[in-house]
Every structure is written in C-alpha cells, then in structure tokens.
Amino acid sequence: MDTLKVVNLKARIGTFELGPVDLNVGKKEIVGLIGPSGCGKTLLLRTIAGLQEPVTGQVFIDGKDVTYLEPHLRGLAFVFQDNALFPHFDTHNNIAFPLKIKKDPQTEEKVQKKAAELDGLTDYLDRWPKELPAGMKKLTAIARETVKKFNLILMDEPFERLDKKIRTELRAMIKRLLMAIGESVLIVLNDPEDALAITDRIYVMKEGVFVQSGEPREIYTSPASYFVMELFSTMGINRVGSAVFRPQDVEIDENGSYVTLEHCGPYDSKRILCNGKMEGQEVVLLLPVECREKSDVKIRIKNSFEKV
Ligand SMILES: Nc1ncnc2c1ncn2[C@@H]1O[C@H](COP(=O)(O)OP(=O)(O)OP(=O)(O)O)[C@@H](O)[C@H]1O
C-alpha cells in the first residue's frame, strides 16, 4: 500500500488553480516535486497537509482517506521552507515541543537521541534560532518534525536561499538523513541537480499540473518536452537553426554535422566540455575525452526540440 495517494486533486488560491493531479509515494520512497517558481508546488504540499482545503479530489495516507481530517491528525512531519522555528525557544526546546505537548515522559531521552542522529546538532542544543547557521536551522526543523510519530515527511524546498557550499553539504546530509530515517518523503525542489542527488522518483510540474514523471535520471536524459528539457539544462542550452538542445544531447557521428572546437575543459574522467561553432552559432558540447586534441568533430544531436 502507498504511504500517500492523491487522487484527482484540485485546489485554488487567489486566481491560481492547482490540478487535477494524481500522485503517489510508496513505502520508504523519496519523491520529488520539481517545477519553476509559482507553479503550485507549495500549494500542493499544503493541500496534502490539510492546511488548504481542496476544491475536489481525495488524499489517502496509509490507505486512510484524510481529505477532510485536521492537519495535526494526519501523521505528517512538515518541514516548512522557512523552518518555522519558535524564535523564543532554544534548539532543545524547539525539538522537545511536540513531545512536551503530549507530556511524553521520555522527552529528554528522545531529544538527545534525535540530536545525536543529526550530524553535529548536539553541539547547538542551547542556541537560539537566530544564532544557528542556516544548515543547523534546517536540521532543527527536521528534528522537531521527526522526533514525534509520523508516517510521511513533507519537505518544502530545503535548499532555497542557501549559498552553493552550504547547499552541497546540506544536500548530502539530508540525503543521508532521509535514508537513515527510512520513511516516505515528498520533497519540493527547485533545482534539478538536487532532484538527481536526492530522489527516487520525481513529478515535474507546470502551471498547476504534472507534465512528466519518472526516475530523475530518465527524465534528465529523455525530457518529454521543451519545457522539461529547459528545466533540466544544468549546463545551458544551444540554439542552432530551428533546433534547441543541451550540451549533453550530442554524440560523435562521422555522418553528422560539422563543428569547429575552440576551447575544451575537463568535465569528468570520461568527458570534456567544449565551446565551438556549428552553422555559425556558438555552441557548448559535452564530448568524449578523446576529442581533447581535435580542432573539429562531427556530431549527431540525440534530443532536440523546435525553438519556441
Ligand atoms: N495567498 C495567496 N494569494 C493569492 N495567490 C497566491 C497566494 N499564495 C500563492 N499564490 C499564487 O499561487 C501560485 C502557486 O504558488 P506556490 O507557492 O504553490 O508556488 P511554488 O511552485 O511553490 O513556488 P515557489 O517555488 O516560488 O515557492 C503562484 O502563482 C502564487 O502567486
């Protein structure tokens, strides 16, 4: 049985309409929601959590219809984009909060155990939220939500507004953490690299509906539309004639199109990233490392879309 099942769900906020969407998260699966800013990801998460009433459709958690159940009865751990920490509580009391409400006699042990699980959080238990580095704020929010009993983690864009170095560290930390917790996760992400690093499966959203879903690697290599390709173009996009394609969408082919190479730099152990010219247009291509000494190559474009 799926941990989360969303059926034909529609919701509305202001003039924005979400859905209809269908979605599922399996047991212990990490599922990503990815799409540009304003496409409705947060609204979908809030509707699943019961913080927004749907127009139509149903939400099932562990097989139970929770569509009209109060948020705190749904068994969810919801990590908000801004963490929503209590500013007047230190880290310890933020984490302890859900246990204290329930007068849990093991509050102290559970807080200590949870902090120890989360890389280095134990050293910050007496700090106020405003004194915490960005990564520790996020870990405190995750600790507070997962210290209680829950069935599903909902996480809204954990890496937003973080600089590159903290982002990379936090990404590895959150992936380890989610795998260690071993529960089902639905996570909103804006960056395809985060989706590739963290998730088992993703849904790509555009203007309130899903336009593609599947394993992130499969979507990255075979986007179904120009929109998805652009979203997953971490190295930019080439425009030649009427074709639009990414640097990684080419392969060497003796019967292919002629490209002069101007400058190549390392990408990974097998590939190099080259600047070149094709039909008079500047292009960037990801090529096999053997092309390093060449001044020209012939290539075939594997995936391309018409210019829009
Ligand atoms: N309180 C509100 N009143 C009116 N419209 C709203 C409100 N909150 C959000 N919206 C609109 O609803 C749409 C969906 O917003 P939502 O926050 O779900 O998008 P998102 O994909 O999560 O974006 P982001 O990645 O920037 O967080 C947006 O167009 C937004 O402008």
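- Going by an unreviewed UniProt entry, the protein chain carries the name ABC transporter related protein and comes from Mesotoga infera.

## Details of helix α3 (residues 107-117)
Here comes step 1: For α3, the full list of buried residues reads T107, V111, K114 and A115. In an axial view of α3, the angular spread of the buried residues amounts to 100°, which keeps them on one side of the axis. α3 presents K113 and A116 as exposed residues on the side facing more than 90 degrees away from its buried surface.
Here comes step 2: Buried residues along α3 sit against α2 (91-101) and α4 (134-146).

## Let's talk about the site of the ligand
Here comes step 1: Taken together, the neighbourhood of the ligand is formed by 13 residues, with S37, G38, K41, T42 and L43 sitting nearest.
Here comes step 2: One of the backbone nitrogen or oxygen atoms of L43 is found 2.9 Å away from an oxygen atom of the ligand.
Here comes step 3: Within the side chain of N190, one N or O atom sits 3.5 Å away from an oxygen atom of the ligand.
Here comes step 4: With the chains in place, 58% of the 640 Å² that the ligand exposes on its own is no longer accessible.
Here comes step 5: Residues belonging to the shell around the ligand are distributed by class as follows: five nonpolar, seven polar and one charged.

## Thoughts on the packing of aromatic side chains
Here comes step 1: In the structure shown here, the tally under the stated rule is five aromatic pairs.
Here comes step 2: Aromatic pair F86 and F97: ring centres 4.6 Å apart, planes at 55°, arrangement tilted. Of this pair, F86 sits in the loop between β6 (76-79) and α2 while F97 sits in helix α2, and the two are 11 residues apart along the sequence.
Here comes step 3: By relative accessible area, which is 25% here, F86 ends up partly exposed.
Here comes step 4: Measuring from ring centre to ring centre gives 6.1 Å for F89 and F97, while their planes differ by 40°; the resulting arrangement is tilted.
Here comes step 5: Of the residues examined, F97 reaches a relative accessible area of 30% and is grouped as partly exposed.
Here comes step 6: Every member of this aromatic cluster is reached through a ring pair, and the members are F86, F89 and F97.
Here comes step 7: The aromatic ring of F86 is capped on one face by R144, whose charged end is 5.0 Å from the ring centroid.
Here comes step 8: The ring of Y220 has R246 sitting right over it, with the charged end atom 5.3 Å from the ring centre.

## Quick notes on the UniProt feature "domain: ABC transporter" (unreviewed entry) in the protein chain
Here comes step 1: As annotated by UniProt and renumbered to match this structure, "domain: ABC transporter" (unreviewed entry) occupies residues 1-232.
Here comes step 2: Spanning residues 1-232, this segment combines 35% helix with 26% strand, and its end C-alpha atoms are found 31 Å apart.

## Description of the packing of α2 against α3
Here comes step 1: For the pair α2 and α3, the least separation of the axes is 9 Å and the interaxial angle reads 130°. One finds that α2 runs oblique with respect to α3. Classified by chirality, the crossing of α3 by α2 is right-handed. Residues H92, I95, A96, L99 and K100 of α2 touch α3, and the partners they reach there are T107, E108, K110, V111, Q112 and K114.
Here comes step 2: Taken together, the residues of the contact of α2 with α3 break down into four nonpolar, three polar and four charged.

## A short note on the domain arrangement of the protein chain
Here comes step 1: Along its sequence, the protein chain is carved into domain 1 (4-227) and domain 2 (235-306).
Here comes step 2: Distance between the C-alpha centres of domain 1 and domain 2: 38 Å.
Here comes step 3: With seven residues of domain 1 at the contact, the number on the domain 2 side is eight residues.
Here comes step 4: Surface buried jointly by domain 1 and domain 2 totals about 580 Å² across both partners, of which 51% is contributed by carbon and sulfur atoms.
Here comes step 5: Among the residues domain 1 hides against domain 2, the three largest losses belong to Y220, P223 and Y226. Together they make up 82% of the total.
Here comes step 6: Remark: the boundary between domain 1 and domain 2 carries zero salt bridges.
Here comes step 7: In this assembly, domain 1 and domain 2 are joined by four residue pairs in polar contact (both at pLDDT 80 or more).

What counts, and where the lines are drawn
Residues numbered from 1 in each chain as written. Predicted model: local features only at pLDDT ≥ 70, side-chain atom pairs only at ≥ 80, totals over all residues. Heavy atoms only, no water. Buried < 20%, exposed > 50% of the residue type's maximum accessible area, 1.4 Å probe, protein only. Helix = DSSP H or I, 4+ residues; strand = E, 2+ residues; numbered from the N terminus. Arc of directions from axis to C-beta. Contact = heavy atoms within 4.5 Å. Near = heavy atom within 4 Å. Polar contact = N/O pair within 3.5 Å; in protein donor to acceptor, adjacent residues only side chain to side chain. Areas by Shrake-Rupley, 256 points an atom, 1.4 Å probe, with all protein chains shown as cover. Nonpolar A, V, L, I, M, F, W, Y, C, P; charged D, E, K, R; others polar. Phe/Tyr/Trp six-rings, centres within 6.5 Å; stacked < 30°, edge-to-face > 60°. Lys NZ or Arg CZ within 6 Å of the ring centre and 35° of its normal. UniProt positions renumbered as here; feature names shortened; annotations may be inferred. Axes fitted to C-alpha atoms, helices over the stretch in contact; angles between N-to-C directions. Parallel < 35°, antiparallel > 145°, perpendicular 65-115°, else oblique. Left-handed = near helix turned anticlockwise from the far one by under 90°. Domains from an automatic or database assignment. Buried area = accessible area lost by both parts, 1.4 Å probe. Salt bridge = Lys/Arg side-chain N within 4 Å of Asp/Glu carboxyl O.

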